[in-house]
Amino acid sequence: MNTAAFKVAVVGGGISGAVCASTLARNGVSVTLFESARGPGGRMSNRREKTEDGKELSFDHGAPFFSVSKPEVLSVVQEWESKGLVAEWKEKFGSFDFHTRKFNNIEQQEGLSKRYVGVPGMNSICKALCNESGVESKFGVGIGKAEWLDDEKLWSLTAVDGQNLGHFKGLVASDKNIVSPRITEVTGRSPPLDFNLVPELSAKLQNLPVQPCFAVMLAFAEPLSSIPFKGISFENSKVLSWAYCDSSKPNRTTTSERWVLHSTAEYAEGIISQTGMKKPSDATLNKVAEQLLQEFHSTGVHIPEPFFKRAHRWGSAFPGASVAPEEKCLLDRNKRVVICGDFCVSPNVEGALESGLEAALRLKDIASCL
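Parameters at a glance
- Residues numbered from 1 in each chain as written.
- Predicted model: local features only at pLDDT ≥ 70, side-chain atom pairs only at ≥ 80, totals over all residues.
- Heavy atoms only, no water.
- Helix = DSSP H or I, 4+ residues; strand = E, 2+ residues; numbered from the N terminus.
- Rg over C-alpha atoms; globule rule 2.2 N^0.38 Å.
- Buried < 20%, exposed > 50% of the residue type's maximum accessible area, 1.4 Å probe, protein only.
- Contact = heavy atoms within 4.5 Å.
- Polar contact = N/O pair within 3.5 Å; in protein donor to acceptor, adjacent residues only side chain to side chain.
- Pairing = 2+ DSSP bridges.
- Salt bridge = Lys/Arg side-chain N within 4 Å of Asp/Glu carboxyl O.
- Phe/Tyr/Trp six-rings, centres within 6.5 Å; stacked < 30°, edge-to-face > 60°.
- Lys, Arg positive; Asp, Glu negative; His and termini not counted.
- Axes fitted to C-alpha atoms, helices over the stretch in contact; angles between N-to-C directions.
- Parallel < 35°, antiparallel > 145°, perpendicular 65-115°, else oblique.
- Nonpolar A, V, L, I, M, F, W, Y, C, P; charged D, E, K, R; others polar.
- 1 Å grid on protein atoms, 1.4 Å probe; cavity = no way out; pocket = protein on both sides within 12 Å on 5 of 7 lines; lining within 4 Å.
- Points joined across faces, edges and corners; volume = space filled by probe spheres on them.

Undergrad: Would you mind going over the overall build of the protein chain with me for this structure?
TA: If you tally the helices and strands in the protein chain, you get eight helices and 20 strands. Relative to a compact globule of 370 residues, whose C-alpha radius of gyration would be 21 Å, the protein chain shows 21 Å and is just as compact. For the protein chain, the spread of C-alpha atoms along the principal axes amounts to about 65 × 45 × 40 Å. Here the protein chain holds 370 residues, and 54% of them are scored as buried. Taking as baseline every contact in the protein chain between residues at least 6 positions apart, the subset at least 24 positions apart corresponds to 69%.

Undergrad: How should the side chain of Ser-237 be read in this particular structure?
TA: On the secondary structure map, Ser-237 appears in the loop between strand S15 (231-235) and strand S16 (240-245). A distance of 3.0 Å separates a polar side-chain atom of Ser-237 from the backbone nitrogen of Leu-240. The contact partners of Ser-237, leaving out residues within four places of it in the chain, are Phe-98, Thr-264 and Glu-295.

Undergrad: Help me out: how do you make sense of the pairing of strand S12 (residues 164-168) in this one?
TA: A regular strand places its side chains so that they alternate between the two faces of the sheet. Bridge count between strand S11 (residues 154-159) and S12: four bridges; the pairing is antiparallel. Pairing of Leu-157 across the sheet is with Gly-166, part of S12. In this antiparallel pair of consecutive strands, S11 and S12, the connection spans four residues, and Gly-162 shows a positive phi of 95 degrees.

Undergrad: Quick question: what am I supposed to make of the pattern of salt bridges here?
TA: If the charged atoms of two oppositely charged side chains come close together, the side chains can form a pair. Tallied over the entire structure, the rule returns 17 salt bridges. The salt bridge involving Arg-26 is made with Glu-79; its shortest N-O contact spans 2.9 Å. Remark: Glu-79 occurs in helix H2 (residues 71-82) and Arg-26 occurs in helix H1 (residues 15-26); sequence separation between them is 53 residues. Relative accessible area serves as the criterion here: at 49%, Arg-26 is assigned to the partly exposed category.

Undergrad: Got a minute to help me understand the packing of aromatic side chains in this structure?
TA: Aromatic ring pairs are defined here through the distance separating the ring centres and the angle between the ring planes. In total, this model carries 18 aromatic pairs according to the counting rule given. Aromatic pair Phe-234 and Phe-296: ring centres 6.4 Å apart, planes at 85 degrees, arrangement edge-to-face. Residue Phe-234 is found in strand S15, and its partner Phe-296 is found in helix H7 (residues 282-297); the two are separated by 62 residues along the sequence. Phe-296 carries the same exposure label as Phe-234, and that label is buried.

Undergrad: Looking at this structure, I do not really get the side chain of Glu-350. What am I missing?
TA: Take Glu-350: it is sitting in helix H8 (residues 349-369). Buried and unpaired, Glu-350 has Lys-70 as its nearest opposite-charge partner, separated by 5.6 Å. Within the local environment of Glu-350, its side chain forms a polar contact with the backbone nitrogen of Ser-69, the two atoms lying 2.7 Å apart. Not counting residues up to four positions away in its chain, the partners in contact with Glu-350 are Ser-67, Val-68, Ser-69, Lys-70 and Val-73.

Undergrad: Would you mind showing me how to read the sheet that holds S12 here?
TA: By definition, the strands of a sheet pair up through backbone hydrogen bonds, in either a parallel or an antiparallel sense. A sheet is described by the order of its strands in space; here three strands give the open sequence S10-S11-S12, paired in antiparallel fashion. Looking at which strands have only one partner, the edges of the open sheet turn out to be strand S10 (143-149) and S12. Neighbour-to-neighbour, the strand axes of this sheet turn through a mean angle of 15 degrees, independent of strand direction.

Undergrad: Is there a simple way to think about the packing of H2 against H8 in this case?
TA: Packed helices, taken two at a time, are described by their axes: the angle between them and the distance between them. At a minimum axis distance of 10 Å, the contact between H2 and H8 shows a crossing angle of 100 degrees. By the criterion of interaxial angle, the relationship of H2 to H8 is roughly perpendicular. Together, Glu-72, Val-73, Val-76, Val-77 and Trp-80 of H2 and Glu-350, Leu-353, Glu-354 and Leu-357 of H8 make up the contact between the two elements. Residue composition of the contact of H2 with H8, by class: six nonpolar, no polar and three charged.

Undergrad: Any chance you could explain the pairing of strand S7 (residues 102-105) here in plain terms?
TA: Pairing analysis gives four bridges linking strand S6 (residues 93-97) to S7, with the strands arranged antiparallel. Within S7, the position partnered with Ser-95 by the bridge is Asn-104. Between S6 and S7, which pair antiparallel and follow one another directly, the connecting turn spans four residues, one of which, Arg-101, has a positive phi of 60 degrees.

Undergrad: Explanation requested: the layout of surface pockets in the structure shown.
TA: Where empty space is left can be seen by rolling a probe of water-molecule size over the atoms. Taken as a whole, the second largest pocket spans an internal volume of roughly 180 Å³. Taken together, Pro-199, Glu-200, Leu-201, Lys-204, Glu-327, Cys-329, Leu-330, Leu-331, Asp-332 and Arg-362 form the lining of the second largest pocket. When contributions to the lining of the second largest pocket are tallied by element, the ones reaching two or more residues are helix H5 (199-205) and strand S19 (330-332). A per-element tally of the lining of the second largest pocket places H5 first, with four residues. Grouping the constituent residues of the lining of the second largest pocket by class yields five nonpolar, no polar and five charged.

Undergrad: Where do I start with the environment of Lys-249 in this structure?
TA: Here Lys-249 is to be found in the loop between S16 and strand S17 (257-263). For Lys-249, a relative accessible area of 3% translates into the label buried. What Lys-249 contacts, discounting residues up to four positions off in sequence, is Asp-60, Pro-64, Trp-89, Val-117, Met-122 and Tyr-244. Reaching out from Lys-249, the side chain makes a polar contact with the backbone oxygen of Pro-64 at a distance of 2.7 Å.

Honestly, that's just the spatial picture; any functional story needs more than this.
Pasting the structure below:
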């Protein structure tokens, strides 16, 4: 059949969904992408903030960078690099051990992969993919219900606000919560996709463990010159896992020095156990921001007070297991639905990218057989 007549809905504008949508469109499939946020990116989002005096700040508050090892993924990233969508982040990285109170240079380790970042923000990649020819992207549209019309053999999508979003021959979900009851804890709504429609796929996602994380965005008037590295992993801390100088990345504004701190999963789980999964209050976020900054101070190096400080919660930042490491995505061929994301392959950008590419190939194959 003509693949253009094979309309596919892609739910989620993170890297997995965006790569899948772009790949399908390049192969002549008609694609509509739905993203509940105001723009694409997912955990590769770029956060824009304003200080009290009106100064604009920008933070990559999710994935700080990504590395690739698979040849098929590397070829995609090299294409992005040739287009100026990504660049290598060449600053030195290190670690800090809270037991020995020492910084260590991890750059001396052999075999380190290149660290890539989106330019001028991590979300630049998803933005470009969602704007490619053949991809119709609809932002600020959350999916309330995905129904399978058995007579027509089509998917019918309805928005959270009740709007009819149309019928589609294929469905791609790049969000593990589409069939998970966890979404009810966060929003109070039922999962968009009924468990009983795709029981074999749903069963693999029902109890998928996730690891939360808090990110704290900081801006300083002066460079933190006493810190020897621009990216730091922390050992033997129950609070901090990562700190990185976001403004040291290629093509970033340097009017202020901006850092992002990431909590440990242990710390985030402790906060969530007290507050629940609903949207955290300003008081909770202020407390988190202060505690992570205090831990950063306790490295012993001179860190001045920031002129901007704000926390963000990533409620399910990292999947704690891979549900389809060999298949790379979950597929119900009869209902033409694919579920993809980092939770299928590995809990990182490369895993999400690999899963999105595979999901597109599976649906393209189905389209060509109809």
